[in-house]
Amino acid sequence: MAKAVPSVLGSGYSGSSGSVTFVRRRSGGTLLRVHTSGSDPATERQRTVRDAMARANALFRTLDRDELLAWKRYASRLRDFQWSEGRPQTATGVNAFRALACKALLVDPQADPPRTPPSVPFLGDAVAVSATGGSGEVVFRGQSGNAEGVLTELLLQKLSTAATDPVREKYRHNGFIPFPSGGASVSVPVVKGWYAIAYRFVLASTGQMSALAELEPVQVG
């Protein structure tokens, strides 16, 4: 996991994890604040992703022959899964490695991504997540705690109208959350409007992700 994981304190938690700060509210729950530089958060996020990808690419170039062959075999298993799901068979050794290494570095920029592929699949976590719209915020609620080493990635997509259909590729990252035992609520500040909501689970040690889970859109006043 990230080196600065928020500590569990009663019904909430506090501290920092990467660009995210957690602030306990007197009324209960937790306020999540995402720190960005400059006036364009999207650009800052893109810069962070590009840096993680550059580091993943550099690490891939240091893999030895046995490690490269292991990633090729892993990609072959992914292609079999894609075929069984009726999806395009796009997995290759290099993009399989990049995807996991990049995600691990986004969770913890100081991490050393595994040089060999995971030996078992990651199916996610048992945390039930819900979301509601408030005044200037989207409130995510985890009904229980994440398993050790697992984070919940929160994703939002601003919609033009309530009738607009979300596009899976346009969800934007809004934090990796370690929901504590007993659950908690986390508020993400946003401008008013309609938002599509999604989340997925991430195994921090490998960068493996569960399938994207979409919730009903919410309105923020």
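In this report, the structure presented in the accompanying data block is examined. Given the structure is predicted, the values throughout are model-derived calculations rather than measurements.

Turning our attention to helix H3 (residues 93-107). End to end, H3 covers 22 Å across 15 residues, agreeing with the expected 21 Å (1.5 Å per residue, within 8%). The buried fraction of H3 is high, at 11 of 15 residues. Restricting attention to buried positions, one finds in H3 the residues Gly 93, Ala 96, Phe 97, Leu 100, Ala 101, Cys 102, Lys 103, Ala 104, Leu 105, Leu 106 and Val 107.

Turning to the pairing of strand S10 (residues 193-203), a few remarks are in order. Counting buried positions over the 11 residues of S10 gives 10, a clear majority of the element. In the sheet, strand S7 (residues 150-159) pairs with S10 via 10 bridges, with the strands oriented antiparallel. Residue pairing for S10: Leu 151 is matched across the bridge by Val 202. Looking at chain direction, S10 and strand S12 (residues 213-220) are connected through 6 bridges and run antiparallel.

Counting residues in hydrophobic clusters, the biggest one holds 22 residues, and the most contacted among them are Val 138, Phe 140, Leu 156, Phe 179, Val 190, Tyr 195 and Ile 197. Of all the elements in the fold, those that place two or more residues in this core are strand S5 (129-133), strand S6 (137-142), S7, strand S9 (184-189), S10 and S12. Among the elements that make up this core, the one with the highest residue count is S10 (5 residues). With near-sequence residues (within four places) excluded, Leu 156 lies in contact with Val 138, Phe 140, Lys 170, Tyr 171, Arg 172, Asn 174, Val 188, Val 190, Tyr 195, Ala 196 and Ile 197. One finds Leu 59, Phe 60, Tyr 74 and Phe 97 within the second-largest nonpolar core, a separate group that totals 10 residues.

Two numbers describe a pair of aromatic rings. These are the distance of the centres and the angle of the planes. The full count for this structure, using the stated rule, is 4 aromatic pairs. Between Trp 71 and Tyr 74, the ring centres sit 5.6 Å apart and the planes meet at 85°, which makes this aromatic pair edge-to-face. Remark: Tyr 74 and Trp 71 occur in helix H2 (residues 65-84); sequence separation between them is 3 residues, near one turn of the helix. With relative accessibility at 2%, the residue Trp 71 sits in the buried group. Taking 5.6 Å as the distance between ring centres and 70° as the angle between the ring planes, the aromatic pair formed by Tyr 199 and Phe 201 counts as edge-to-face. On the basis of relative accessibility, which here comes to 11%, the residue Tyr 199 falls in the buried class. Chaining the aromatic ring pairs together yields one cluster made of Phe 60, Trp 71, Tyr 74 and Phe 97.

Conventions adopted
- Residues numbered from 1 in each chain as written.
- Predicted model: local features only at pLDDT ≥ 70, side-chain atom pairs only at ≥ 80, totals over all residues.
- Heavy atoms only, no water.
- Helix = DSSP H or I, 4+ residues; strand = E, 2+ residues; numbered from the N terminus.
- Expected span 1.5 Å × (residues − 1).
- Buried < 20%, exposed > 50% of the residue type's maximum accessible area, 1.4 Å probe, protein only.
- Pairing = 2+ DSSP bridges.
- Core = buried A, V, L, I, M, F, W, Y, C linked by side-chain atoms within 4.5 Å.
- Contact = heavy atoms within 4.5 Å.
- Phe/Tyr/Trp six-rings, centres within 6.5 Å; stacked < 30°, edge-to-face > 60°.

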